[in-house]
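Structural characterization, general
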Amino acid sequence: METSFRKPPQLHQILIVNEDACREVIGRHEAFQAVEAVFASMARGGAYNFPVVREAIGHADALYGFKSGFDREALVLGVKSGGYWPGNAARGLTNHQSTVVLFDPDTGRLKALVGGNYLTAVRTAASSAVSIAHLARRDAKVLGMVGAGYQSTFQLQAALEQRAFEKVVAWNAHPEHLARLAAICEEKGIPFEGVSQKELGAQSDVIITITSAFEPLLEADWIKPGTHLACMGTDTRGKQEVDHRLLAQATVFTDEIAQSISIGEAQHAVAAQILSADQITPIGEVINGTNPGRQSEEDITLFDGTGVGLQDLAVASEASRLAEAGGLAQRVTL
C-alpha cells in the first residue's frame, strides 16, 4: 500500500505596526510623498477606490465604516476600518479610531495590521498640504484655520511648510481650543490671531476647514479673490463646512469625484444644481501636469478633501515597510 505524505502547512506571519511605530517612521514629509503619489496614480488610472461604507451605528453617536482600494502601480491592497466616536474625548481617547489591514495582492493573504489613528491625521494633513502646494498662490501670506480640534494641529503644521506664511488667523466654535494652534505658531515665531469667521475670510490667502459641521461656517461673499480653500471635514452625507454657492464661484478640485459629489463638500452644490461632476477636477491631474490647476492670481480654488481609502493604504504601506526595516514591527504567526 502506498503511503502519501502531505506537506505540513506553511506558517503564515503577519506584521503588527502599532501607533508608536507609525509615529516613529511616518512624518509629514513621508506622508506628503505617499499621498501625492497615490493621487497621481489615481488620475492615471493605476489605482482605484472601492465603494465606501459609512453608517451611523445607532450607539454612542458613532459613525463607522470601511474604506478600501487597490493601487496596481504600487501593489498595495487593503482596507481601513474605523470611524468617529464623539464621546471619546471625555474618555481620554481620540474621537477618530481606525485600523488599516493590508493584504498581499498576489495571494490575498493577510499581510499587516497597522494602527490607523495617527496615520489618519497625518494623511489628512498631507492631503490639504498637497492641495496648497499645487493650487495656492505662491505669494500667499495669511493662513486661515477653521476648526481647532485634534486634527487641526496636524493641518497647521503641514500647511506652514508649503508657503512662507507670515500670519495665522483662526476661528473655532469653542474659542478656548484655539490655544493649541496658538502654541504651534508661537513655537514657530508666526503671529497668531483668533478672529470671526467673516474676518478670517477677509484676511486669508489660504483657508483650511477641518470641522464636523453640518452647516456652512463660511459664506461665499466672505472669500476674497485669489484664495485657496482646503475643505477637509466633510466626509459624510449631510456634513457641510462652506456655503454651497462658493463652489459655483470657485475652480473645484478633489481627491475623488465620486466621493466629492456624494459625501464631500460638493454634495450640496450638486444637489442645488449649481455644480456638476464634470466641473470638478481630480487633483492628481494637476500633479501629473495634465491640468493647469490655478490659472490666474484672482481664481478662487477649492480642494474638496473627502478622504479616500487609498490615502490610508499608501501611508500604512509605507509605515509597514519602514517599521519592518527598522525593527519596529512585531511579527505574529496565524
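Below, the structure is looked at part by part. (Residues numbered from 1 in each chain as written. Predicted model: local features only at pLDDT ≥ 70, side-chain atom pairs only at ≥ 80, totals over all residues. Heavy atoms only, no water.)

Before going further, it helps to spend a moment on the pattern of salt bridges. Overall, the coordinates contain 16 salt bridges when judged by the stated rule. Here Asp 139 and Arg 137 are joined by a salt bridge, their closest N and O atoms 2.9 Å apart. The class for Asp 139 is partly exposed, based on a relative accessible area of 39%. Look at Arg 137 and you get buried, because its relative accessible area is 11%. Lys 239 is the partner of Asp 235 in a salt bridge, and the nearest nitrogen-oxygen pair spans 3.1 Å. For the residue pair Asp 235 and Lys 239, the accessibility class agrees, reading buried in each case. Each of Arg 137, Asp 139, Asp 205, Lys 224 and Glu 297 takes part in a single network of salt bridges with overlapping partners. (Salt bridge = Lys/Arg side-chain N within 4 Å of Asp/Glu carboxyl O. Buried < 20%, exposed > 50% of the residue type's maximum accessible area, 1.4 Å probe, protein only.)

With that settled, consider helix α11 (residues 309-325). Over its 17 residues, α11 extends 24 Å from the first C-alpha to the last, a length consistent with the 24 Å expected when each residue adds 1.5 Å. The positive-phi residue at the C-terminal boundary of α11 is Gly 327, with phi of around 70°. (Helix = DSSP H or I, 4+ residues; strand = E, 2+ residues; numbered from the N terminus. Expected span 1.5 Å × (residues − 1).)

Of all hydrophobic cores here, the largest spans 65 residues; its most connected members are Phe 39, Val 114, Leu 119, Leu 143, Met 145 and Leu 156. Here this core takes 11 residues from helix α3 (residues 117-135), the largest share from any one element. Setting aside residues no more than four positions away along its own chain, Leu 156 makes contact with Leu 143, Met 145, Val 168, Leu 181, Ile 184 and Cys 185. (Core = buried A, V, L, I, M, F, W, Y, C linked by side-chain atoms within 4.5 Å. Contact = heavy atoms within 4.5 Å.)

Attention shifts here to the packing of aromatic side chains. Here the structure, examined in full by the defined rule, presents six aromatic pairs. The residue whose ring lies beneath Lys 239 is Tyr 84, and the NZ or CZ to ring-centre distance is 5.9 Å. (Phe/Tyr/Trp six-rings, centres within 6.5 Å; stacked < 30°, edge-to-face > 60°. Lys NZ or Arg CZ within 6 Å of the ring centre and 35° of its normal.)

Right, let's get into the side chain of Thr 281. Tracing the backbone shows Thr 281 in strand β16 (residues 280-282). A residue is classified by how much of its surface remains accessible, and Thr 281, at 14% relative accessible area, is buried. In this structure, Thr 281 is in contact with Val 252, Phe 253, Thr 254 and Asn 291, ignoring residues within four places of it in sequence.

Each packed pair of helices is defined by two parameters, the angle between the axes and the distance between the axes. Where α3 contacts α11, the two axes come as close as 10 Å, and the packing angle between them is 120°. Regarding the angle of α3 to α11, the classification is oblique. As for how α3 packs across α11, the hand of that crossing is right-handed. Contact residues: Leu 119, Thr 120, Arg 123 and Ser 127 in α3; Gln 311, Asp 312, Val 315, Ala 316 and Ala 319 in α11. A per-class count over the contact of α3 with α11 returns four nonpolar, three polar and two charged. (Axes fitted to C-alpha atoms, helices over the stretch in contact; angles between N-to-C directions. Parallel < 35°, antiparallel > 145°, perpendicular 65-115°, else oblique. Left-handed = near helix turned anticlockwise from the far one by under 90°. Nonpolar A, V, L, I, M, F, W, Y, C, P; charged D, E, K, R; others polar.)

Our next topic: helix α4 (residues 150-160). With nine of its 11 residues buried, α4 lies for the most part within the structure. Taken as a whole, α4 has its buried residues at Gln 151, Ser 152, Thr 153, Phe 154, Gln 155, Leu 156, Ala 158, Ala 159 and Leu 160.

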